[in-house]
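# Per-entry structural report
Spelled out, the chains give:
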Amino acid sequence: MDVVPEGKPPVKEYMTREVETVSPDSTVFDVASRIAESDEHSGFPVCDRRRVEGFISARDLLLADDNEPIFKVMTTDILVAHPEMKLTDAARVILRSGIQKLPVVDDAGNLVGIVSNADVIRSQIERATPEKVGKLIRTLEQIHEIDLTQERRTVPLADLIPTQGRVYADELEGRRYELENGLAEPLVVIDNDGTLLLADGHHRVLAADRLSIDEMDAYVIVVDREIDLGMAKTAAKEDLEGINDIDVVDYARHPLVETTERLQPDDE
């Protein structure tokens, strides 16, 4: 197995390790019942102990008899990933094949996890965010001539001071979907000697609040001694003391839409 190049994460870093499976001797009725009762599964790897023998999906069950054993109707010609495989390569397999989940097997053919299209999206989000955080840290260090540290921790939404006074209604729907499906990227927060300033993630925070989520994962830039931050001045100027002070505006007032409308030709 080739070594994964630096900067390109392997499948094992994002796969789900606890995988629900079914036995080849299970009946069509049993597996169909499990799929019907689940909000997450439309199919399962079929394993004899931990060795992958095939995959069974809801489509495979459609015309099968209830008492038929799964090994007679399962798909045996399946695609799998290896834990050391580059996640980008697994993403290509998922995209080109049209499947949603890819079993991950070791060199012996034993199931060690499963990777989904949602895992691929999450990996891209989490790789982009540290770059954003790193750029902000370097900027703050240059402006204020200080050394900063970074932490990954959960922050209470009630403790956050927003630095943006408005968000857009349509984007809230997108962020809500991401939160409900575990795809939301972490917030970016500056801990200015105990004061938590929300640097990035205002739409996510408001969407989370509407879903009654009290805390969120965040990249936190830690400032040991309080410094005079421009975004803190913005918050004070706009009387932003908590997330309830953020206004939700209609998409029609979004700057991109306003710009587009200005570019439209006048009616003749």
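Quick look at the structure, then.

Cut-off values and rules
- Just so you know, the residues in each chain are numbered from 1, in the order the chain's sequence is written.
- Under the rules for a predicted model, residues below a pLDDT of 70 receive no local features and side-chain atom pairs below 80 are neither given nor counted, while totals for whole chains, interfaces and linings still include all residues.
- Side-chain figures throughout are based on the complete set of non-hydrogen atoms in the structure, without hydrogens or water.
- Helix numbers and strand numbers start at the N terminus; a helix is a DSSP run of H or I with at least 4 residues, a strand a run of E with at least 2.
- Between the two quantities, the radius of gyration covers C-alpha atoms and the globule rule is 2.2 Å times the number of residues to the power 0.38.
- A 1.4 Å probe rolled over the protein chains alone gives each residue an accessible area, and that area as a share of the maximum for its type sets the label: buried under 20%, exposed over 50%, partly exposed in between.
- Two residues qualify as a contact provided that any one of their heavy atoms is within 4.5 Å of a heavy atom in the partner residue.
- The Shrake-Rupley method, run with a 1.4 Å probe sphere, supplies the accessible areas, and residue values consider only the shown protein chains as cover.
- His is not counted here, nor are the chain ends, while Lys and Arg score as positive and Asp and Glu score as negative.
- Charged side chains are reduced to one point each, which is NZ for Lys, CZ for Arg, CG for Asp and CD for Glu.
- Under this definition, polar contacts are N or O atom pairs within 3.5 Å; protein pairs additionally need one hydrogen-donor-capable and one acceptor-capable atom, and for neighbouring residues in sequence, both atoms have to be side-chain atoms.
- Two strands qualify as a pair provided DSSP detects at least 2 bridges between them.
- Angular values range over 0 to 180 degrees, each being the angle between N-to-C directions of two axes fitted as lines to C-alpha atoms, with helices fitted over their stretch in contact.
- Basic side-chain nitrogens of Lys or Arg form a salt bridge, by our definition, when they fall within 4 Å of a carboxyl oxygen of Asp or Glu.
- Under this scheme an angle from 65 to 115 degrees is roughly perpendicular, one under 35 degrees roughly parallel, and one over 145 degrees roughly antiparallel; angles in between are oblique.
- The hand of a helix crossing depends on one turn: near helix anticlockwise from the far one by less than a right angle means left-handed, and clockwise means right-handed.
- Charged residues are taken to be Asp, Glu, Lys and Arg, nonpolar residues to be Ala, Val, Leu, Ile, Met, Phe, Trp, Tyr, Cys and Pro, and polar residues to be all remaining types, Gly included.

Turning our attention to the overall build of the protein chain. Of regular secondary structure, the protein chain possesses 8 helices and 11 strands. Over its C-alpha trace the protein chain gives a radius of gyration of 24 Å, far above what one expects of a compact globule, namely 18 Å for 268 residues. By its C-alpha atoms, the protein chain is 70 × 55 × 40 Å across when sized along the principal axes. A burial count over the protein chain gives 39% of its 268 residues as buried. A separation threshold of at least 6 residues defines the contact pool for the protein chain, and within that pool the share at least 24 residues apart is 72%. Summing over all exposed atoms, the protein chain offers an accessible surface of approximately 16000 Å²; the carbon and sulfur share of this is 45%. Treating the 30 positive side-chain charges of the protein chain as one cloud and the 56 negative ones as another, the clouds have centres 5 Å apart.

On to the side chain of His 41. When you line up the elements, His 41 lands in the loop between helix H1 (28-37) and strand S1 (43-48). The exposure class assigned to His 41 is buried, which follows from its relative accessible area of 17%. A polar contact of 3.5 Å, which involves the side chain of His 41, links it to the side chain of Glu 20. The residues contacting His 41, other than those within four sequence positions of it, are Glu 20, Ile 35 and Lys 101.

A separate point is the sheet that holds strand S8 (residues 187-192). Either a parallel or an antiparallel arrangement is found when strands of a sheet pair, and the pairing is made through backbone hydrogen bonds. With respect to topology, 5 strands assemble into an open sheet ordered S5-S10-S8-S9-S6, the strand pairing being mixed. The open sheet is flanked by strand S5 (149-156) and strand S6 (160-162), the only strands paired with a single partner. On average, each strand axis in the sheet is tilted by 40° relative to the strand beside it, whichever way the strands run. As defined by bridge partners, S5 adjoins strand S10 (residues 215-223) across 8 bridges and the pair is classed as antiparallel. What sits directly across from Arg 152, in S10, is Tyr 219. The sheet contacts of helix H4 (residues 117-144) involve S5, S8, strand S9 (195-200) and S10, and relative to S10 the element is tilted by about 30°.

Below, the discussion takes up unusual backbone geometry. One non-glycine residue, Glu 145, lies in the positive phi region at around 55°. Look at Glu 145 and you get exposed, because its relative accessible area is 71%. The phi angle at Asp 193 is positive, at roughly 55°, despite the residue not being glycine. Along the chain, the position of Asp 193 falls in the loop between S8 and S9.

All right, on to the pairing of S10 then. Counted residue by residue, S10 has 7 buried out of 9 residues, so it is predominantly covered. Bridge count between S8 and S10: 6 bridges; the pairing is parallel. Its bridge partner being in S10, Asn 192 is matched across the sheet by Val 223.

Within the structure shown, the criterion is met by 13 salt bridges. Across the pair Arg 153 and Asp 191 runs a salt bridge whose closest N-O atoms are separated by 2.7 Å. Of this pair, Arg 153 sits in strand S5 while Asp 191 sits in strand S8, and the two are 38 residues apart along the sequence. Put simply, Lys 132, Glu 185, Asp 200 and Arg 204 are held in one network by salt bridges that share partners.

The next point concerns the packing of helix H5 (residues 169-180) against helix H6 (residues 202-210). Contact geometry for H5 and H6: axes closest at 8 Å, N-to-C directions at 70°. Judged by the inter-axis angle, H5 sits roughly perpendicular to H6. For the pair H5 and H6, the sense of crossing is right-handed. In contact with Glu 171, Leu 172, Arg 175, Arg 176 and Leu 179 of H5, H6 contributes His 203, Arg 204, Leu 206, Ala 207, Ala 208 and Arg 210. Per-class residue counts for the contact of H5 with H6 are 5 nonpolar, 1 polar and 5 charged.

By themselves, these observations are geometric and do not establish any function.
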